[in-house]
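Structural features, examined
Here's the letter readout for the chains.
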Amino acid sequence: ILLGVIMIWVTGDVDGEVYKEPFSKGILARSLNVADIGSLRAHEIASDIEAKLIRNNVSEISNSELANEVCSHLEKVNPNLATKYKNWRLLRNSQKPLIILIGGASGVGTSSMAFELANRLRLKNLISTDMIREVMRKMISKDLMPVIHNSSFDAHESIRTPSIRIDSVIEGFISHVDAVNVGIEAIIERSVKEGISTIIEGVHVVPGFIRKDLIDNNNIIIFTLTVDDEESHKQRFYARCRQPWVKRSLERYMENFDTIRKTQRFLVEQAKIHDSRIINNVDINETIDIMVSDILEEFGGTENVEQES
């Protein structure tokens, strides 16, 4: 007993080393939130489980035993929630890291969705392809590779000898993606090697551009976000540029809005060709729920995943 509070310890092991940490309703509630329970209900369930452990005079419980308690409780609440939680537990203990790629044209919300998804799945590594491009800009001069010194939607303006076979906007976009894709593949390779789950988001995430061997041999899932309604897409730029910390020009986006829509159509075509998930990002909560459900369904029960012993 510490200051009149009964302490419950949760035990586990990492690489054969046993560790012990205090039971936390907050941490448990956050893990429950992956099953789309809702914050309030998740805290209620975490409190109920804590109360049961105290009633049973449990002072120490293993991670796997605690997970079984949670699953048993969720089975009574909603079997579907229990299945989602089990799949998430399996995914967390996968032998391979989870790598989530979120692509979409400028203004569709890839950054916001990646941030929310990282919170839901409790992933710490979130990388923007714009940051990759910025690093490349510092390392490679404009004379040597002019395309990355433009934005994705006006990259065609930097092409010295445009092709006559395809649309110049799409050609510029493809060149832009090809250049940044080198960095995306390097991050995927590093994440796989180090066993680090990672979310990579940005306009440069295009189905079909990443090496097939990377996609096939790892827990990788690609989402392509869209905003189907043109006026809603425009409003996203107005909302973004109203933020005082945003230094981007609304006028520049509006001048290039037609080319941005053209890149979106190309992204959708690529996603259809390569059978990647396309989500019309209208409602943030609905989009996150779809993404989490797809991830748990695709990877939660794969043969690469082992139960926590």
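Just above sits the structure.
Let me begin by describing the structure that accompanies this report. (Residues numbered from 1 in each chain as written. Predicted model: local features only at pLDDT ≥ 70, side-chain atom pairs only at ≥ 80, totals over all residues. Heavy atoms only, no water.)

With that out of the way, let us pick up the pattern of salt bridges. Summed over the entire model, instances satisfying the criterion amount to 15 salt bridges. Taking the shortest distance from any N to any O, the salt bridge between Arg120 and Asp289 comes out at 3.0 Å. Taken together, the residues span a long stretch of sequence, with Arg120 in helix α5 (residues 110-121) and Asp289 in helix α12 (residues 284-299) at a distance of 169 residues. We classify Arg120 as buried; its relative accessible area is 13%. A residue is classified by how much of its surface remains accessible, and Asp289, at 24% relative accessible area, is partly exposed. (Salt bridge = Lys/Arg side-chain N within 4 Å of Asp/Glu carboxyl O. Helix = DSSP H or I, 4+ residues; strand = E, 2+ residues; numbered from the N terminus. Buried < 20%, exposed > 50% of the residue type's maximum accessible area, 1.4 Å probe, protein only.)

Located in the positive-phi region is Asn57, a residue other than glycine, with phi close to 55°. The residue Asn57 is located in the loop between α2 (39-55) and β3 (60-62) in this model.

The strand order β5-β6-β4-β7-β8 describes an open sheet built from five strands, whose pairing is parallel. Lying at the two open borders of the sheet, with one neighbouring strand each, are β5 (125-128) and β8 (277-280). Each adjacent strand pair in this sheet contributes to an overall mean axis angle of 20°, direction not counted. As paired elements, strand β7 (residues 219-226) and β8 share four bridges and run parallel to each other. Its bridge partner being in β8, Thr226 is matched across the sheet by Asn280. (Pairing = 2+ DSSP bridges. Axes fitted to C-alpha atoms, helices over the stretch in contact; angles between N-to-C directions.)

A word on a negative patch on the surface. Together, Asp228, Asp229, Glu230, Glu231 and Asp258 line one region of the surface with negative charge. According to the relative accessible area criterion, Glu231 is partly exposed, its value standing at 44%. (Patch = residues over 30% accessible without salt bridge, like charges linked within 9 Å, V, L, I, M, F, W, Y side chains within 5 Å. Areas by Shrake-Rupley, 256 points an atom, 1.4 Å probe, with all protein chains shown as cover. Lys, Arg positive; Asp, Glu negative; His and termini not counted. Charge placed at Lys NZ, Arg CZ, Asp CG, Glu CD.)

As a further point, take the nonpolar core. Judged by nonpolar contacts, the single largest core of 61 residues is most densely connected at Leu32, Tyr85, Ile100, Leu117, Leu121 and Ile295. Per-element accounting of this core gives the leading share, six residues, to α12. Setting aside chain neighbours within four positions, we find Leu117 in contact with Ile100, Ile102, Ile199, Ile288, Met291, Val292 and Ile295. Core analysis: the second largest hydrophobic core is formed by 19 residues, Ala155, Ile184, Ile200 and Ile220 among them. (Core = buried A, V, L, I, M, F, W, Y, C linked by side-chain atoms within 4.5 Å. Contact = heavy atoms within 4.5 Å.)

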